[in-house]
Structures are given as C-alpha cells and as structure tokens.
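# Fold and contact review
Residues per chain, in single letters:
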Protein chains: 2
Amino acid sequence: MPLQDHMKLVSVDDHLIEPPHVWQHYLPERFRARGPKVVEATAKADSLSAVGKSAAATFSARGIEAGDQIWVYEDRPYPNIGLNAVVGKPKEKWNGDPMRFDDMRRGCWDPVERIKDMDTDGVWGSLCFPNFPRFAGTLFLTDSEDKQLALACVRAYNDFVIDEWCATAPDRLIPLAILPLWDVALMVEELTRVAAKGARAVALPENPVPLGLPSYHRSHWEPVFAAAQHHDLVLAMHFGTSGVLPSPHDDGPPLMWLALLGVNAMQCAVDLLLSPVFNKHPRLRVALSEGGIGWMPYILERTDHMWSNHKHYQDIDQDNAPSELFRRHMFGCFIEDEAGVALRHSIGVDQIMWECDYPHSDTTWPNSRANVAQQMKGVPDDEVHRIVELNARRVFNL
Amino acid sequence: MPLQDHMKLVSVDDHLIEPPHVWQHYLPERFRARGPKVVEATAKADSLSAVGKSAAATFSARGIEAGDQIWVYEDRPYPNIGLNAVVGKPKEKWNGDPMRFDDMRRGCWDPVERIKDMDTDGVWGSLCFPNFPRFAGTLFLTDSEDKQLALACVRAYNDFVIDEWCATAPDRLIPLAILPLWDVALMVEELTRVAAKGARAVALPENPVPLGLPSYHRSHWEPVFAAAQHHDLVLAMHFGTSGVLPSPHDDGPPLMWLALLGVNAMQCAVDLLLSPVFNKHPRLRVALSEGGIGWMPYILERTDHMWSNHKHYQDIDQDNAPSELFRRHMFGCFIEDEAGVALRHSIGVDQIMWECDYPHSDTTWPNSRANVAQQMKGVPDDEVHRIVELNARRVFNL
C-alpha cells in the first residue's frame, strides 16, 4: 500500500475564487465604491481591460456578454475565466468563456463547501492562491490607478483569507498572503502584519522583471527576504505569476504555453540559484508552486555542470554548487509527475510536496487518493508520507 | 562493461571552426572581395557589428583589439569568440575574448588533425555544425546585405563541408548542410543539390519566428519539409539557433542562459509536436541537437496531459498524442545527462543519440570513452550500443 490511511494529504497549491463580498466587506468604507465588486454585465463589453483581453484571447474565449457576472475594479471589467473553476465539469465542456458564480461548484468560493469537497477527496490540508488579484496579487501592482486603494485591497484580501477562509478550519487551511509589490517598505509592513495574524506563506512573482520591478539579483528585495526569513514565511512563487507565457511564438495553439509553463519555474529556479539571494538569507525558503518536478534533475545537473565549467570568469558564488543551494532553500511542488517521482532521489525526497490544484483543470479532485496511490506505486511508505504530508507540515510550520 | 571495445562512438554534434580559406576558395571569384575573409585587426574595432557586440556583451568579452584575427564579411567585423574553441585548454583560461587561429587546437579547423583528435578520443564518427555562419547558417539570413552573395556563401560552405571537410574521411565525417533560409524555392534547390552530393542532414533554426520568418505552423515551410522527407535528410535543430537566449531577464550572469539553453530545445519540441508538420510529413525526422534529454520525460508527460485535458476546444490533432508523434519523428541528443540516461525508457532508447561537442566547452574530449562508460553504468550492452552508435547510423543513413 503506497498511500496508507493514516497519511493525510496536504495540498500546497489550490485556488480559491473570491466570493463577491470580499472587497465590499473587508475594504474600509471609503474605498468600497472603487474597490473590486461583482456586477451583472448588461451588454457586451467592447472595452475589455488589457488583462481581460489577453486572457480572453489566450483561451480564444468569447469575451464578456450580457448575463455574465464580472468583476469591476476602478471602472475596469474583468471576466471570471471559466477555466479557473472547472472542477466537477466534464472536460468536453471546458473553455475560457466568462462565467457566473452559480456555474461554479460551490467549493470554489465557499470555504465550508471547500472543506466538504476536501473530505470527499480524502485531502486534509490546503493552501490556496488568490484568483481575481492573480496568483501573486500582481493585479494590484499592474492595473491599479490609485495605490492607496490598491494597498487597502491587498490588506482586505489578506484579512479575508486569514480571518474568514482559513478561519473556517484553521488546522486544515494554510494562509497564504499577498503583498503590495510596488513598495518595499509597505511589503515589509504587510508581511509583518500577516505573520502576526498567522500567515504561513507569502506569494511573490516567479520573476519580477516583466512586471516592471527590479530582478531578484538587486538589493531592492533584501528587506522583504530578510523579513520573510525572520518571520519564517515561505515565499510561494507560482508558475505564470510573471505574466510571461513560455511559448516560443504566438502563432500556435494555447496548448503550447500550457505544455511549457514549467519553463517559467525552471527560469525562476535558475534565476534564484545564480543570484546572491540565498547567500544573504541562509534560512530563506522558496516553493515553486505548480512548477512540476520532473525537470529538476536535468536542470540541477545542467546548472551545476555549467557553473563548474564557467564560474571562473563570472561574478558568481564560486563555492556553493547550485544544486546544494537548491537542497537548502527550494521546494518542488507537483500534481502528477511520473518522471519527478521516478527521480525523486536526484531532487531530494524532502524537497518535494504534493498539490491538488482544486478547482483548476489539472486537479485530481475527487480522486486524489487513488491518483496519488497510483503515482506512488513502488515508492517506500516513509517517502510517500514525506511527499504527501510531512514535508508540507515542516515547510509551512503546521 | 557498459561500453565495449567493438562499439564505435558516433557524435551527432560537433563543431568545426572554418579555416580562413573557406569562402575565398569556394566562392565564385566575383564574390570573393565581399565574401567572408580573415584579417588581422589593426586597431580596436569600435564599430562591432550588432552580432559582435551582442556576443561580446554576452560573455563580458573585451571586444576586438589590434592583433586579433577576425572575420570580415561585407565590411562588417566578426570576432572569433574564444569560448567556441576551448578544447584542450584548462577551464581557468576560458573566456569570451576574441582569438587567433594559432591559439586554437589545430583539430578545430583542420580535418586531418580532427580525425587524429577523434582517434585520440576513441570517437569514430562526427557530424559538425558550422561556426562563423552560426549553427544553422542564420548569419547569411540576418546579416547579409547582398542576397546573391549570401546564396553563394551558403553554397560555398556546403561545398567546403562536403568536398573538403567530410571528404577527408567520408566514412567517418557526416555532412550537414546549411540552407538559404530567406527563400523557400532556393532552400529546396540547395537541399536537393546537397542531397545529391551526399549530405545526410540540413540545419534549420529551432524557431524561425525570432529570425523574422514564419513559424513552422505555416504552410510556408511545406516544400522544404517535403524535400527533406523525399531525400531522407534529417533536420538538425541545434539549440540556440533562434538567436533567443532563455534567460528570464538580462540582469544576471551569462551562466543563467547557459544553464537554461535546454529550454530552447523544449520549446522547439513542443512547437513541432503541436503543429501540423508531422501529420503532413509522416517520415520527417528532427534531431534536437545539443538539446539534452533529461527534460524529455517531463515535457512529454506534461504535453500529453495538457493535450488530453485541453484538446477539445483547440484547433489541434485530436488523435495522435504528442508523445506518439515524438517517438516517430524526434531524436534527443546529449553530451552528459544522468537524468536522461536514467529515464531513457520513458524517452525511447531508439530516440537518443550521443554527442561529443568538440571543440566547445561542454566537450568530453579527450576522455569521451571513459565519460560514456561512466554515464552508462548499469545500462544493458545493447542499449548502450544503440545510444552511442546504432541509432546515429540508422537516423543518418551511415
């Protein structure tokens, strides 16, 4: 029995769809009028925001039409993209069209129902990323006109996720916070605030440069990393949060970037491993959320090899091999990954955590335990236990 | 004994440094004055070509100075980048500075000496990519002002590589030709010409879009693919030939893109597998030269999974899983790749070929046999034989 009954599944990557009240309830009253709210679209929205347009175009979706429920934030419309909440629907009905809340399984946005869905699935713990603010809260960085409002929106999301969503089952739901990415002092302040409220992780983009921010090689980020280390919060870098799609060009089907999204996680890993970050913050921990693990043995081997061959003429750590830094600081997260499970010892069994990805299209719900058992065929019990539960408990201090 | 004495190593990716006479000898006389020639730099070249500048900047090299030997083509100077010919030098002396021919090991540019170096290394066969024209001959596409001259340069290179380089040891040196990439009719004509002269492969860029050409999803390329299939020539797509570096940003050490170059091969594989190319050309074969293999199980698994989940709403082959197409059409090529050798059955043992990469920095020369023996520990004899020799003989019709 590769997955025994006493092993509890802890998923380190799920997603919540914010219910309509989040910002209208948690924002200070003066910000509510221009804060995110859900409205019924009364007509085709010809002037989709750039984000809405690119999301719709990416999935060849139809755009907003009358009858859709959409988010409006500072007067800009944003569709709820159907592919972000497919759980429980047959594949043949998936598409990128905008949708209504009552089209979704209730567990997408209701934490009481989510817990029931987790019970159905035999999943004990869950860490959720946001949806409307994007997985690292970058919408409040890139789209907001009023940064006072944006800061209030970040705090409101964090209050919702800690005080309401996770408070529904505090021993099972793991709070992940977002940060006001445009200001380092505010990031440190919010990180400190959410740490005191019980957050276990904060989301940061996999690569800040495409978002107009300095790279992680710059001292700009030092106070944030120092605060995360001090408060023992994991940095969760979810693939796709740079906003860059890894397709080699725009002339093929969207399947190309879906298939290649792990490339973003590879770039994130190599970026951090070849930066000064881990030398300066020796206890910092980074989770490569949804990044997959099957590529890790190859990338670590290649990066070590290149480091060994080319470090002599480059401004780079001459002493610590990238793979050593990886094993001290980074964690791979996977949903289904036969290659990664087969090569788990090349990655480090203690560096690997399992994900369910509810309610996205990759989710194993409602068959997670059967799926994990199948994937773990031939893996010794103690290793299975570490991968599905114990590593997550250690990394997130559960 | 994982590598037995009777097994001959065939390297499907080496590089030749063109000797100074190539174009001055093989070009028709009227083109020679403006064709590529080697000159002694008499002063610091302040006006490096864009290419020279980017290569120099990439490696933090010093640029051209008096005393260097450089190529001049249509009045533009191009340095010989030292990192392209490091074979036989200690790592501590590697750098990107321009160099002279007498700084290089003679086997870089002299085929008689190359054969001796192969004998020293216990390597039987070798397929060489060009250097000055770049690995897929893209310099004649992107840099040439006079396309008549450029076409003559492509033909001159192919005549040199077939009639002189490979003619030195026709049973051991495998001719790879380049094509006039800017014109489909000319490509087909040159492909047909070199096939008749004995070429076994033609180089194409891993991704034509960044070079200003249509993507491989377009019918533009059909006549070229049809001709390659008809003449049974392998398409060799060497990583890096799109000219795009896979770094997530430009704010880190060059080691980042060196570590990540396999990403280009991943993109190339996914691009072709999700295009109509292999459906239209059922016997076409593509080698992902120097792309590595350790990532293949992960990427094939992920691409199949995404295809299975998302094909229903996309304009894509609904019947053939990407991994099936891969096993009919694509070949992975590796120098050192522990992860790939461990997972060789997930890739397909018959899809894997070995490379020596002489005279580049990744080369295993002069210890290739010991290196291969070490990598193949625990691999059954017949599989080793296929990977190091028999697959190359089959794929390249040796």
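Predicted model, so just to flag it, every value in this text is computed and none were measured. (Residues numbered from 1 in each chain as written. Chains lettered and ligands numbered in written order. Predicted model: local features only at pLDDT ≥ 70, side-chain atom pairs only at ≥ 80, totals over all residues. Heavy atoms only, no water.)

Here we come to the overall build of chain A. Secondary structure assignment for chain A yields 16 helices and twelve strands. By the compact-globule yardstick of 21 Å for 398 residues, chain A fits well, its C-alpha radius of gyration being 20 Å. Principal axes of the C-alpha set define a box for chain A whose edges measure 60 × 50 × 45 Å. The long-range share in chain A, meaning contacts at least 24 apart out of those at least 6 apart in sequence, stands at 74%. A total of about 13,700 Å² of accessible surface is found on chain A, and carbon and sulfur atoms cover 50% of it. (Helix = DSSP H or I, 4+ residues; strand = E, 2+ residues; numbered from the N terminus. Rg over C-alpha atoms; globule rule 2.2 N^0.38 Å. Contact = heavy atoms within 4.5 Å. Areas by Shrake-Rupley, 256 points an atom, 1.4 Å probe, with all protein chains shown as cover.)

Turning to the sheet that holds strand S1 (residues 9–15) of chain B, a few remarks are in order. All names here are of chain B. Reading across the sheet, the three strands line up as S1-S5-S6 and stay open at both edges, with parallel pairing between neighbours. The open sheet has two free edges, formed respectively by S1 and strand S6 (173–174), since each of these has just one partner strand. In terms of strand pairing, S1 meets strand S5 (residues 123–129) through five bridges, oriented parallel. Bridge assignment links Asp-14 to a residue of S5, and that residue is Cys-128. (Pairing = 2+ DSSP bridges.)

Right, let's talk about the interface of chain B and chain A for a bit. Each partner contributes residues to the interface: chain B has 62 residues there, and chain A has 61 residues. With both chains or domains summed, chain B and chain A bury close to 5,400 Å², and 61% of this area falls on carbon and sulfur atoms. Three residues stand out in chain B for area buried against chain A, namely B:Leu255, B:Tyr298 and B:Tyr313, and they jointly supply 13% of the buried area on that side. Between B:Arg302 and A:Asp362 there is a salt bridge, and its shortest N-O distance comes to 3.5 Å. If you look at where chain B meets chain A, you find 30 residue pairs in polar contact (both at pLDDT 80 or more). If you list the elements that add at least two residues to the side of chain B that touches chain A, you get helix H8 (255–260), helix H9 (262–273), helix H11 (296–310) and helix H13 (338–342) of chain B. (Buried area = accessible area lost by both parts, 1.4 Å probe. Salt bridge = Lys/Arg side-chain N within 4 Å of Asp/Glu carboxyl O. Polar contact = N/O pair within 3.5 Å; in protein donor to acceptor, adjacent residues only side chain to side chain.)

Let us look at the pattern of salt bridges. All names here are of chain A. On inspection of all chains with the given rule, the structure shows 52 salt bridges over all chains. Residue Asp-143 pairs with Arg-134 through a salt bridge whose shortest N-O separation is 3.2 Å. Given the relative accessible area of 22%, Arg-134 is considered partly exposed. Its salt-bridge partner being Glu-383, residue Arg-344 comes within 2.5 Å of it at the nearest N-O pair. Residue Arg-344 is located in helix H14 (residues 344–347), and its partner Glu-383 is located in helix H16 (residues 381–395); the two are separated by 39 residues in the primary sequence. Because the salt bridges share partners, they merge into one network encompassing Arg-155, Asp-159, Asp-163, Glu-189, Glu-190, Arg-193 and Lys-197. (Buried < 20%, exposed > 50% of the residue type's maximum accessible area, 1.4 Å probe, protein only.)

As a further point, take the packing of aromatic side chains. All names here are of chain B. A complete count under the given rule lists 32 aromatic pairs over all chains for this structure. Consider the rings of Phe-101 and Trp-109, whose centres lie 6.3 Å apart with planes at 85°: the pair is edge-to-face. Across the pair, exposure class does not vary: Phe-101 and Trp-109 are buried alike. With 5.0 Å between their ring centres and 70° between their planes, Tyr-216 and Trp-221 make a pair best called edge-to-face. The exposure classification of Tyr-216 matches that of Trp-221, with both residues buried. (Phe/Tyr/Trp six-rings, centres within 6.5 Å; stacked < 30°, edge-to-face > 60°.)

With that settled, the discussion passes to the environment of A:Lys116. Residue and element names in this part refer to chain A. Note that Lys-116 resides in helix H3 (residues 111–121). The partly exposed category is assigned to Lys-116, whose relative accessible area is 44%. A C-alpha to C-alpha distance of 27 Å links Lys-116 and Val-194, two positions 78 residues apart in sequence.

The tally for this structure, following the rule as stated, stands at two cavities of 30 Å³ or more. By volume, the largest cavity amounts to about 60 Å³. Every residue along the wall of the largest cavity is listed here: B:Asp14, B:Arg114, B:Asp117, B:Met118, B:Asp121, B:Val123, B:Ser126, B:Cys356, B:Tyr358 and B:Trp365. Listed by contribution, the elements that provide at least two residues to the lining of the largest cavity are helix H3 (111–121) and S5 of chain B. By residue number, the principal contributor to the lining of the largest cavity is H3(B), which donates four residues. Of the residues assigned to the lining of the largest cavity, the class counts are five nonpolar, one polar and four charged. Of the voids in this model, the second largest cavity is the one considered here, and its volume is about 50 Å³. Lining the second largest cavity we find A:Ser11, A:Asp14, A:Arg114, A:Met118, A:Asp121, A:Val123, A:Ser126, A:Cys356, A:Tyr358 and A:Trp365. Sorting the residues of the lining of the second largest cavity by element identifies strand S1 (9–15), H3 and strand S5 (123–129) of chain A as the ones contributing at least two each. (1 Å grid on protein atoms, 1.4 Å probe; cavity = no way out; pocket = protein on both sides within 12 Å on 5 of 7 lines; lining within 4 Å. Points joined across faces, edges and corners; volume = space filled by probe spheres on them. Nonpolar A, V, L, I, M, F, W, Y, C, P; charged D, E, K, R; others polar.)

So, about the sheet that holds strand S4 (residues 76–79) of chain B. All names here are of chain B. Here we have three strands laid out as an open sheet, ordered S2-S3-S4, and antiparallel in their pairing. The sheet is open, and its two edges are formed by strand S2 (37–40) and S4, each paired on a single side. When the angles between neighbouring strand axes are averaged without regard to direction, this sheet yields 40°. The sheet contact formed by S2 and strand S3 (residues 69–73) spans four bridges and is antiparallel. Bridge assignment links Val-39 to a residue of S3, and that residue is Ile-70. (Axes fitted to C-alpha atoms, helices over the stretch in contact; angles between N-to-C directions.)

With that settled, consider the environment of A:Pro214. All names here are of chain A. Topologically, Pro-214 is positioned in the loop between strand S8 (201–203) and helix H7 (222–230). You can call Pro-214 partly exposed: its relative accessible area is 28%. In this view, Pro-214 contacts Pro-208, Val-209, His-220 and Trp-221; residues no more than four positions away in its chain are not counted.

All names here are of chain B. When you line up the elements, Tyr-157 lands in helix H5 (residues 147–165). Counting along the chain gives 134 residues from Tyr-157 to Trp-23, while the straight-line C-alpha distance between them is 7.1 Å. Here Tyr-157 is in contact with Leu-16, Glu-18, Trp-23, Cys-128, Phe-129, Pro-130, Pro-133, Leu-176 and Ile-178, once residues within four sequence places are set aside.

A word on the confidence of the model for chain A. Residue and element names in this part refer to chain A. Chain-level statistics for chain A give a pLDDT mean of 93 and a share of 95% at 70 or above. Note on residues 49–53: pLDDT is under 50 here. Beyond four places in sequence and across chains, it has eight contacts. Long-range and interchain partners of residues 55–60, a stretch whose pLDDT sits below 50, account for 13 contacts in this model, where long-range means more than four residues apart. Taken over the whole predicted complex, pTM reads 0.96, whereas the ipTM for its chain interfaces reads 0.95. (pLDDT = per-residue confidence, 0-100.)

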